[in-house]
Amino acid sequence: MVIYLRAIIQNLSAMKKILLLSFILTPFIGISQNGTLTIEKIMQDPKWIGASPSSPFWSVNSDTLFFDWNPENAPSDSMYFITLKNHQPQKATPLQKRSILNPRSVTFNENRTAMVFGMSGDIFYKTLKPEKVIRITQTADFETNPKFSFNEKKIVYQRDQNLYAWDIATGQTTQLVNFASQKAGPGGFSRESSMTKEEKWLKNEQLHYMQVLKERKAKADMRKAYNDQFKEEELRKLFTGDKRLMGLNISPDGGNISYSLFEAPKDGKNTIVPDYVTESGYTTDIPGRKKVGEPQGSTSFYVYDRTRDSLTEIKTDGLEGVRDIPDFYKDYPKEYEVLKKKNEPKEVSFGFNNPWSPDGKYLLIDIRSQDHKDRWLMVWDAAKQQLSQADHQHDEAWLGGPGYFNSLGWIDGHTLYYQSEKTGYSHIYLFDVDNKQTKQLTSGNYEVLSADLSPDKKYFYITTNEVEPAQNQYYRLRITDSKQERVTTMTGGNDVTVSPDGKNIAFLYSYTNKPWELYLQKNEAGTKAEQITNKAASAEWKSYPWRDPEVITFEARDGAKVHARVYKPSNPKPGMPAVVFVHGAGYLQNAHKWWSSYFREYMFHNMLADNGYYVIDADYRASAGYGRDWRTAIYRYMGGKDLTDNVDAANYLVKTYGVDPKRIGIYGGSYGGFITLMAMFTTPDVFAAGAGLRSVSEWANYNHGYTSNILNEPFTDSIAYHRSSPIYFVEGLKGHLLMCHGLVDENVHAQDIIKVTQRLIELKKENWELALFPVEDHGFVEPTSWMDEYKRIFKLFETVLKK
């Protein structure tokens, strides 16, 4: 049952309310007849579309390709496989599933003659020639993260908070480090070493004049000295205190151990999400996230030199730019002056993929400021115990872009790689630790969307949008001379998985109106791709002539070129209505030439076009795929250029196709719902109707990781929050507004739209509706919910835009 509120019926009699409610909830669109699209048809369980494969991965020896696929419409997904000798998909048996090793869970030695992996909480070592498997552990404990160390003579793995080494030659296991939670100094060794001067003085004073304490201590010392003659040397304890151990890592030579300690914030309040429809019949509270601006905790980073038995904390207060004050504080002069006088360093955090060089001489440490504006790639010289800078990235908005979080590592003992937007687009860079030289490996006004180092470290396997923003293509990039060779060629999206030996690729390919299918190809330019699956589109789905919407560009008011999809009606003529669709997520792309994650909306847009609407779907400012300036154009003002791009999209339809400017609607979910609210409240003369789905209405309610990137924090940048939140502009509503929200939305809480509802009531606004969906989270699951929601959207547009 959907809870339904409508402002315009507040003063009607009870009987009139019931009759009106019954009319509204009656299905507006009938069952498909003669190939006509209906809401029931397009919003049913997506299985009717067909069966697309997903999540392909290769066997460790590169001869078998596994993938998830469900062509039989089983209750749950199934796993299939092909071999290089037999390309006919076969269903994996339960036994095969349990025995499959994913290459991502396997670590090879340098010459790839042996590997180590974890399975069911234990550690295994396997040699390839001869093929032999040795089970290293068989315990009730959970062992993880196995890797070769000690110059590949030992296997090191983690159990609880400690590291252990298994000697390949002798089979002997030794403990390498001994972490303990007893209170101690920061990352320190013992309680004794962390005693204050006062504590040490008091202890010595008691022993000086208390004879009984002095005698007891003397006896204890004698017993200890005698017992120590027969005691094996004990591992020195590294104390964590009440902090959480993270990122535990050992160098390939076994000489150093790096780790970080996270101190959780002492304060902070979590949200709750009430769940009304439960098996128990009682309302239950779902524990939720914290809101933006809540304390984030702090991390400290350490390197323990096992040979020297020395512990070093990596200090960050001297980093380049670490004391710089963000520019936005200039809008708050008093606070700016206070910060200048304090001259305090920024809070930082440490990335957890901190890798050691292959020879163990250097450690690459990824350090990021908690205000998201600085990143330092620092190199720790283990022998000299010195820290030096490889790269400093700074952005007055916030750092990000493709590869920012996961493209980082070593090519050899002195060359590291990373991705950066320093030229305005995300590209690959190399840094030579010995000569301190930086080399840009890729360049141009396009994005390197992903970059993986080949096993032999001679190539990068990269996916870019160099051809055009609307396509993803895969290349091999030779490191020595930066030569690129394009391997995939079909227009659209190509999601590539390379075999461990680098000889073949499997890839999921799709086009705008063709769902994903699986292909196989040699990992070489000029080779032909072979289609493996052909069940992505059912006969029923293919019976309709799905549109291939044109990807166009139009000029925004500031001269920027905005990419968009345009759906045209079957009988185009001047004076027709139009709908602007706003994709969600903010940093996401939808004006492209591959199968959209918004496939329901894609079908709905076809239906709208069939019913006489133009539809435009723009990659507004902050959408993915267009570089740094596009990504950060909404800094401190969400609902600024991202909104005007959508307004300009509506104007484009008017100027280009003669759309009636008085009959334009707008809709979208999540971030698209936010834009819809901002459009209806701040540009009310542009859109006659709008449907905001799971909309953010007040950014101070949202999470920290996403929101603080763009708007800083509410208490440091209130200007940004006030001009970016629809809740402050509700009085501007003129047109007809539909709001839909899941009551158990753990992402954008229903609180957001309920607060807007209260403002609409207080302001005595009319022509608005609220539909709450009691069992739905942020992404709807139930087909009946999708149907109900889109019937409402379609009825809104038909009623208002076709007057």
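Thresholds applied
Residue numbers run consecutively from 1 along every chain, following the written order of its sequence. Totals for whole chains, interfaces and linings use every residue, but because this is a predicted model, local features are given only for residues with pLDDT of at least 70 and side-chain atom pairs only at 80 or more, for both listing and counting. Working from all heavy atoms in the structure, the side-chain values ignore hydrogens and water. Strands are runs of DSSP state E lasting at least two residues, helices are runs of H or I lasting at least four, and both sets are numbered from the N terminus onward. Only C-alpha atoms enter the radius of gyration; for comparison, a globular chain is expected to reach 2.2 Å times N to the power 0.38, where N is the number of residues. Relative accessibility decides the category of a residue: with a 1.4 Å probe and only protein chains considered, values under 20% of the type maximum give buried, values over 50% give exposed, and everything between is partly exposed. Take the buried residues of types Ala, Val, Leu, Ile, Met, Phe, Trp, Tyr and Cys, join any two whose side-chain atoms come within 4.5 Å, and each joined set is a nonpolar core. For two strands to be treated as a pair, DSSP must find no fewer than two bridges joining them. Here a pair means two rings of Phe, Tyr or Trp (six-membered ring of Trp) with centres within 6.5 Å. Their orientation is stacked below 30 degrees between planes, edge-to-face above 60, and tilted elsewhere. Consider the ring centre and the ring normal. A charge sits over the ring if Lys NZ or Arg CZ is within 6 Å of that centre and within 35 degrees of that normal. Put simply, a patch holds well-exposed residues, over 30% relative accessible area, that have no salt bridge, with like charges counted together within 9 Å and Val, Leu, Ile, Met, Phe, Trp or Tyr side chains within 5 Å. Note on areas: Shrake-Rupley, 1.4 Å probe, and residue coverage restricted to the protein chains presented here. The term salt bridge refers to a pairing of a side-chain nitrogen on Lys or Arg with a carboxyl oxygen on Asp or Glu at a separation within 4 Å. Here the axes come from fitting lines to C-alpha atoms, over the contacting stretch only for helices, and the angles between their N-to-C directions go from 0 to 180 degrees. When an angle is under 35 degrees it counts as roughly parallel; over 145 it counts as roughly antiparallel; between 65 and 115 it counts as roughly perpendicular; any other value is oblique. The criterion used for residue contact is that any of the two residues' heavy atoms lie within 4.5 Å. Polar here means any residue outside two lists: the nonpolar Ala, Val, Leu, Ile, Met, Phe, Trp, Tyr, Cys and Pro, and the charged Asp, Glu, Lys and Arg; Gly therefore counts as polar.

J.: For this particular structure, what's the right way to read the overall build of the protein chain?
T.: Tallying secondary structure elements over the protein chain gives 15 helices and 45 strands in all. On C-alpha atoms alone, the protein chain measures out to a radius of gyration of 31 Å, which is about the 28 Å that the 2.2 N^0.38 rule sets for 803 residues. A principal-axis box enclosing the C-alpha atoms of the protein chain has dimensions of 100 × 70 × 55 Å. Relative to its full complement of 803 residues, the protein chain shows a buried share of 53%.

J.: What am I meant to see in the nonpolar core here?
T.: Grouped burial of nonpolar side chains is what soluble globular proteins tend to show. The biggest cluster of nonpolar side chains holds 70 residues, and the ones touching the most others in it are Phe 554, Ile 616, Phe 687 and Trp 699. Core analysis: the next-biggest nonpolar cluster, separate from the first, contains 41 residues, Met 603, Phe 604, Tyr 790 and Phe 794 among them.

J.: I keep staring at the pairing of strand S27 (residues 415-420) and nothing clicks. Help me out?
T.: Regular strands show a simple pattern: their side chains alternate between the two faces of the sheet. Counting buried positions along S27 yields six of six residues, so the element is predominantly enclosed. Neither face of S27 is open: one carries Thr 415, Tyr 417 and Gln 419, the other Leu 416, Tyr 418 and Ser 420, and all of them are buried. The pairing of strand S26 (residues 408-410) with S27 spans three bridges and is antiparallel. Residue pairing for S27: Trp 410 is matched across the bridge by Leu 416. Between S26 and S27, which pair antiparallel one after the other, the connecting turn spans four residues. Pairing of S27 with strand S28 (residues 427-432), which is carried by six bridges, proceeds in the antiparallel orientation. Counterpart to Thr 415 in the pairing with S28 is Asp 432. If you look at the hairpin formed by S27 and S28, you'll find six residues sitting between the two strands, and Gly 424 has a positive phi there, around 105°.

J.: Where do I start with the packing of aromatic side chains in this structure?
T.: Aromatic rings in a pair are described by how distant their centres are and how their planes are angled relative to each other. For the structure on display, the rule yields 48 aromatic pairs. Here the aromatic rings of Tyr 125 and Phe 148 are separated by 6.3 Å at their centres, their planes lie at 70°, and the arrangement is edge-to-face. Of this pair, Tyr 125 sits in strand S8 (residues 122-128) while Phe 148 sits in strand S10 (residues 143-149), and the two are 23 residues apart along the sequence. Judged by its relative accessible area of 9%, Tyr 125 is buried. Against the face of Phe 150 rests Lys 154, its NZ or CZ located 4.6 Å from the ring centre.

J.: Please clarify how a nonpolar patch on the surface should be interpreted in this entry.
T.: Together, Tyr 209, Met 210, Val 212 and Leu 213 give the surface a local cluster of nonpolar side chains, amounting to about 350 Å² of exposed area. Mapped onto the elements, Leu 213 comes out in helix H5 (residues 211-228).

J.: What am I meant to see in the packing of helix H10 (residues 641-657) against helix H11 (residues 671-682) here?
T.: When two helices pack together, you describe them by how their axes are tilted relative to each other and by the distance separating the axes. Axis separation between H10 and H11 bottoms out at 10 Å; the angle between their running directions is 75°. As judged from the angle between their axes, H10 and H11 are roughly perpendicular. Taken together, the residues of H11 that come into contact with H10 (itself represented by Asp 642, Leu 643 and Asn 646) are Tyr 671, Phe 674, Ile 675, Met 678, Ala 679 and Thr 682. Across the contact of H10 with H11, the residue classes tally to six nonpolar, two polar and one charged.

J.: Sorry if this is basic, but what is going on with the sheet that holds S26 here?
T.: As a general point, the strands of a sheet are linked pairwise by backbone hydrogen bonds and lie either parallel or antiparallel. Taken in spatial order, the four strands of this open sheet run S26-S27-S28-S29, and their pairing is antiparallel. Edge positions in the open sheet fall to S26 and strand S29 (437-440), since each of these has one partner strand only. Averaged over neighbouring strand pairs, the angle between their axes works out to 25° when direction is ignored. The pairing of S28 with S29 spans four bridges and is classified as antiparallel. Each bridged residue has a counterpart across the sheet, and for Leu 430 the counterpart in S29 is Lys 439.

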